[in-house]
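This is what each chain is made of:
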Amino acid sequence: MKKNVVYLFIPIAAMLLQACHPEKVRTERFQMDRTYQLTEDSTKGRLTADISVDLPIAFSNEDVLQMVRYDIITQTFGEKYADCSNEELLPRFIEDMYQDYMAENQPYLSQTDIDEIGFSFNNEYMLETTVRLNDGHIFAQVTDRYAYTGGAHGLREFICANYDMTDGHRITEKDLFNDGYEKPLTELLLSTIETNLAKDSAGHSLSDYWTDNIAPNGNFCITATGLQYVFNPYEIAPYYLGHTTVELPFGKLKAWLKKESPVNYLIQH
């Protein structure tokens, strides 16, 4: 009878351990939106903030989990928020944003006719993260951030981050490619952008871009099929063209990848 109890306990314990420490990173979505008025008159200016982020909360290796969480928080929100719990992160960040907004704008209320330029007191901040790959080997996430603090328009940018879950470090191009990758990868980016533009119904061409600026920029997201490079507004083209996304399948990158590249397991041989 004792043997039966022992043998039943072992698989149950194993299942419980796996539930507590999943092979993939377990994340939880934290959301918060707030609107603050500059004055009692809602037409005289306001700050709106809308944030929705996926934060890692569990992984089989706790040290790696904490390294990845620390990097995500400090890179997305700033070093001063590294000690925040997941629950207090967004309230503290948005409260600090509100205090900064009031400090920057209130002094102008007594100096300027805000009926004439009231629109410049309207600030917007939106942030959302999306997990692109999470298979226990690599954790890849894209942050979509938009900020408007006055002027003709706001600025939207996409920031990519990829983590090697064997040790928690952020994956760079140097981790992926052999020395000398810059020139052939630049040529591939240029040719892919040109090919994509040939299908562009808006009629844009490579002449609309600042081709001298097109080069590997480190802002890439690892997917199950390749690398997705993102160039934000003003990086390789004027603002009106927005951001440029370039999909590069592993098949076109294979020749330059290191033998120990962390993405090799994704390539179909």
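Relevant structure appears above.
Described in the following lines is the structure provided in the data block. Everything numeric here is computed off the predicted structure, so don't read it as measured data.

Over its 15 residues, helix 2 (residues 62-76) extends 21 Å from the first C-alpha to the last, a length consistent with the 21 Å expected when each residue adds 1.5 Å. Those residues of helix 2 that fall on the buried side of the exposure criterion are V64, L65, V68, R69, D71, I72, I73, T74 and T76. Buried residues along helix 2 sit against strand 2 (46-58), helix 3 (86-109), strand 3 (123-134), strand 4 (138-148) and strand 5 (155-164). Between a side-chain oxygen at the N-terminus of helix 2 and the backbone nitrogen of D63 the separation is 3.0 Å; the capping residue is N61. G78, located one to two residues past helix 2, shows a positive phi value of around 125 degrees.

Per the counting criterion, the structure on display carries seven aromatic pairs. Plain terms: the ring middles of Y36 and Y98 are 4.2 Å apart, the flat faces sit at 20 degrees to each other, and that makes the pair stacked. You can see Y36 sitting in strand 1 (residues 26-37) and its partner Y98 sitting in helix 3, a full 62 residues away along the chain. Relative to Y229, the ring of F220 lies with its centre 5.6 Å away and its plane at 45 degrees, an arrangement referred to as tilted. Residue F220 is classed as buried on the basis of its relative accessible area of 1%. Assessed through its relative accessible area of 0%, Y229 is described here as buried.

For helix 3, with 24 residues, the first-to-last C-alpha span of 36 Å sits near the 34 Å given by 1.5 Å per residue. The principal kink in helix 3, of about 25 degrees, is found at A103, preceding the proline P107 by one to four residues. Three or more residues of helix 3 are buried, namely N86, L89, L90, F93, I94, M97, Y98, Y101, M102 and N105. On its buried side, helix 3 packs onto strand 1, strand 2, helix 2 and strand 3.

In this section: the sheet that holds strand 2. Ordered in space as 1-2-3-4-5, the five strands form an open sheet in which the pairing is mixed. Either end of the sheet is taken by a strand with one partner, and the two such strands are strand 1 and strand 5. Across the sheet, the mean angle separating the axes of adjacent strands is 15 degrees when strand polarity is ignored. Inspection of the sheet shows strand 2 paired to strand 3 by six bridges, in the parallel sense. Bridge pairing in strand 3 links I51 to L127. Contacting strand 2, strand 3, strand 4 and strand 5, helix 2 crosses the sheet at an angle of about 170 degrees to strand 2. Against the sheet, helix 3 makes contact with strand 1, strand 2 and strand 3, and its axis sits at roughly 155 degrees relative to strand 2, the strand it touches most.

Once that is clear, we can look at the sheet that holds strand 8 (residues 244-249). Within the open sheet, the three strands sit side by side as 6-7-8. Their pairing is antiparallel. The sheet is open, and its two edges are formed by strand 6 (220-222) and strand 8, each paired on a single side. When the angles between neighbouring strand axes are averaged without regard to direction, this sheet yields 20 degrees.

Attention shifts here to the nonpolar core. Formed by 36 residues in total, the largest nonpolar core has its most connected members in F177, L185, I222, L227 and Y229. Counting residues per element, this core draws most heavily on helix 6 (residues 182-198), which supplies five residues. With sequence-adjacent residues up to four places away left out, L185 is seen in contact with F177, P216, Y229, L248, L253 and W256.

Here the focus is a nonpolar patch on the surface. Side chains of L155, W210 and Y234 sit close together on the surface and give an oily, nonpolar patch of about 290 Å² of accessible area. Its location among the elements puts W210 in the loop between helix 6 and strand 6.

Rules behind the numbers
- Residues numbered from 1 in each chain as written.
- Predicted model: local features only at pLDDT ≥ 70, side-chain atom pairs only at ≥ 80, totals over all residues.
- Heavy atoms only, no water.
- Helix = DSSP H or I, 4+ residues; strand = E, 2+ residues; numbered from the N terminus.
- Expected span 1.5 Å × (residues − 1).
- Buried < 20%, exposed > 50% of the residue type's maximum accessible area, 1.4 Å probe, protein only.
- Contact = heavy atoms within 4.5 Å.
- Polar contact = N/O pair within 3.5 Å; in protein donor to acceptor, adjacent residues only side chain to side chain.
- Phe/Tyr/Trp six-rings, centres within 6.5 Å; stacked < 30°, edge-to-face > 60°.
- Bend = angle between axes of the 7 residues up to and from the residue.
- Pairing = 2+ DSSP bridges.
- Axes fitted to C-alpha atoms, helices over the stretch in contact; angles between N-to-C directions.
- Core = buried A, V, L, I, M, F, W, Y, C linked by side-chain atoms within 4.5 Å.
- Patch = residues over 30% accessible without salt bridge, like charges linked within 9 Å, V, L, I, M, F, W, Y side chains within 5 Å.
- Areas by Shrake-Rupley, 256 points an atom, 1.4 Å probe, with all protein chains shown as cover.
- Salt bridge = Lys/Arg side-chain N within 4 Å of Asp/Glu carboxyl O.

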